[in-house]
Amino acid sequence: MADAIRALAMDAVEQAKSGHPGMPMGMADAATVLFSKFLKYDAADPRWPDRDRFVLSAGHGSMLLYSWLHLSGHAGIGIEELKRFRQLHAVAAGHPEFGEHPAIETTTGPLGQGFANAVGMALAERILAARFGKSLVDHRTWVIAGDGCLMEGISHEAASIAGHFQLSKLTVLWDDNGICIDGDVGQTCSDDMLKRFQAYGWAVKRVDGHDPVAVEKALEAATRSRKPTLIACRTIIGFAAPNKAGTASTHGSPLGGSEVAAAKEALGWTSAPFEVPEDIKANWETAGRRSAGTRRSWLKRLANHPQKADFERAIAGRLPEGWHEASAALRARIAEDKPKVATRVASQRALEALVPAIPELIGGSADLTGSNNTNVKGFGPITPSNFAGRYVHWGIREHGMAAAMNGLALHGGIIPYGGTFLVFADYMRPSIRLAALMRQRVIHVHTHDSIGLGEDGPTHQPVETLASLRAIPNLYVFRPADAMETAECWELAVQRADGPSVLALSRQNLPALRQEAGENRAARGGYVLAEASGPRRATLIATGSEVQIAMAARATLEAEGIPTAVVSLPCWELFALQDESYREAVLGEAPRVGIEAALGFGWERWLGRDATFIGMTGFGASAPAEDLYRHFAITAEAVVAAVRRKAA
């Protein structure tokens, strides 16, 4: 059975003339034990909610995953799909891609991301078990990771999180082959991985990865452990290749026809390329059906469970009936009270409305709870002894937090949100990007969004960060101007089921600019906040904390007889989706001035040729916010002067 994986991996990489045969050949024995004796899955229903999750963190070895899915009888990945490995629109992409096949749990390839996703999945299982009980939620998370995954910094953060929360249903099989792309791992890494993971609070075991009995015993021990488990599987990369096994040359290149033939001869494998003997295929298909009875029993329990409807709704990602009422009531209060608050405070008020109304909304912060305003009173934290809470203290692990949040969302049944400062989006970017690529509903609360944070200075002032986030496809970046827009943006982020959102929020107080609570005007990404008193002679376009500057400038210009409109543009991505006629009506034909306390990169899209940008041209400085805005000339006076020059 293991040799079938090896043969298919060699054949597919050879046919594609590219790929990574070494890892599948080395880990085939350990993986076969996992897939045939431990992993709870039913090939007939790869999205069964109580299945075990399997994550191939070492995603370059994707033929290990595709071979298993084919051999075990999963529909939609026949031998023709394997023959199209790495070709355009192939299910069997170069690295596993979420959505290409229902049994692919996550997109992997950037090393360490899958490992951290799995931590989120294991945490999700504990959270949902606390909510719905073990009769509906009782499964494990399994990972195959490589040396590269464990060297990446994200693995340190994620492993520490898993150990702290004692995620005992998480097991990582480490492909301990001692080889990386540059050669021997020893030339770059001398960590004692087992001691390292023991220090995190993991159980550890070292085995011969080519000894199925030893692997089975280690996996059995993992199922009994009260800690997450790391199993170091000592393997030979490119196992059975007579001239290349154990060398870096098997990592990322085809073996070559003669080496493939020699490897198959060493294995005693006589079948033609892409052919598997019927008895071996039958054994694999039996493994694919091994948990069919378990699934049927689970379906019976679900049918009679008092929380059936709520469970199915949460897993499907549908919001509860009436969730919007709490948010509508909040917006009505904002319209009446007109609070002058920081948008991070307005965000907390939105959460105070949404969290009680949406049970699957699980929050957290990377050790900045009081600054991010992400906690909601009355909903306690998740702890190693109590997973019924609604809040995760992630610690100072921004990257691990973001990747684990992806795992929470991928698992299903949870809508995660997590907070940190906007400038630290740089620490999280690979995970934010993957959330966008996988179209996962993950919400990032990024406060202290500009030079307006003041005295903490340029190290914490994210002048370039908005532009870099707006460059990520399928990521919605919301920068609300006041409490009303903040509530609207939260509604949009929670409703969005096809991708992640970032809420960029101010530290400083902002005046209420909106007086009505009816239509969610942020839903169109941009709108005319204040129209000109006559035919426009200028249009001021701003986001977030700078919309108030635009409004102040408009008041002066109108008083001078220069009819001026103000456009609030809280979400560029949503605005870009509107029809051209709407965008043209909002932006108008008069000269445009863009205002944002950030670099102007990207603003040309909305400003056109006859335009001016009022914003940053370099890094910030340490001073009170008001002094910084004056120092960098991001003021109503500067806007007025720019319009006067154009109107002259």
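In the block above lies the structure referred to throughout.
Residues numbered from 1 in each chain as written. Predicted model: local features only at pLDDT ≥ 70, side-chain atom pairs only at ≥ 80, totals over all residues. Heavy atoms only, no water.

## Section: the pairing of strand E9 (residues 361-365)
So, point 1. Within E9, five of the five residues are buried, which leaves the element mostly enclosed by the surrounding structure.
So, point 2. What you see with E9 is no split at all: Leu-361, Gly-363 and Ser-365 on one side and Ile-362 and Gly-364 on the other are buried throughout.
So, point 3. Of the strand pairs in this sheet, E9 and strand E11 (residues 415-421) are connected by three bridges, and their pairing is parallel. Within the sheet, the bridge partner assigned to Ile-362 lies in E11 and is Pro-416.
So, point 4. The sheet contact formed by E9 and strand E10 (residues 391-393) spans three bridges and is parallel. Bridge assignment links Gly-364 to a residue of E10, and that residue is Val-392. (Buried < 20%, exposed > 50% of the residue type's maximum accessible area, 1.4 Å probe, protein only. Helix = DSSP H or I, 4+ residues; strand = E, 2+ residues; numbered from the N terminus. Pairing = 2+ DSSP bridges.)

## Quick word on the pattern of salt bridges
So, point 1. Summed over the entire model, instances satisfying the criterion amount to 37 salt bridges.
So, point 2. Notably, a salt bridge pairs Arg-126 with Glu-125, separated by 2.7 Å at the nearest N-O pair.
So, point 3. Overall, Arg-126 belongs to the partly exposed group, its relative accessible area being 22%.
So, point 4. Here Glu-125 falls in the buried class, since its relative accessible area comes to 1%.
So, point 5. In this structure, the salt-bridge partner of Glu-491 is Arg-331, at a minimum N-O distance of 2.9 Å. Taken together, the residues Glu-491 in helix H20 (residues 483-495) and Arg-331 in helix H14 (residues 323-337) connect sequence positions 160 residues apart. (Salt bridge = Lys/Arg side-chain N within 4 Å of Asp/Glu carboxyl O.)

## Looking at unusual backbone geometry
So, point 1. The residue Lys-17 is not glycine, and still its phi comes out positive at about 60°.
So, point 2. Along the chain, the position of Lys-17 falls in the loop between helix H1 (2-16) and helix H2 (22-38).
So, point 3. The phi torsion at Asn-373 lies on the positive side, around 55°, for a residue other than glycine.

What is shown is where atoms sit, not what they do.
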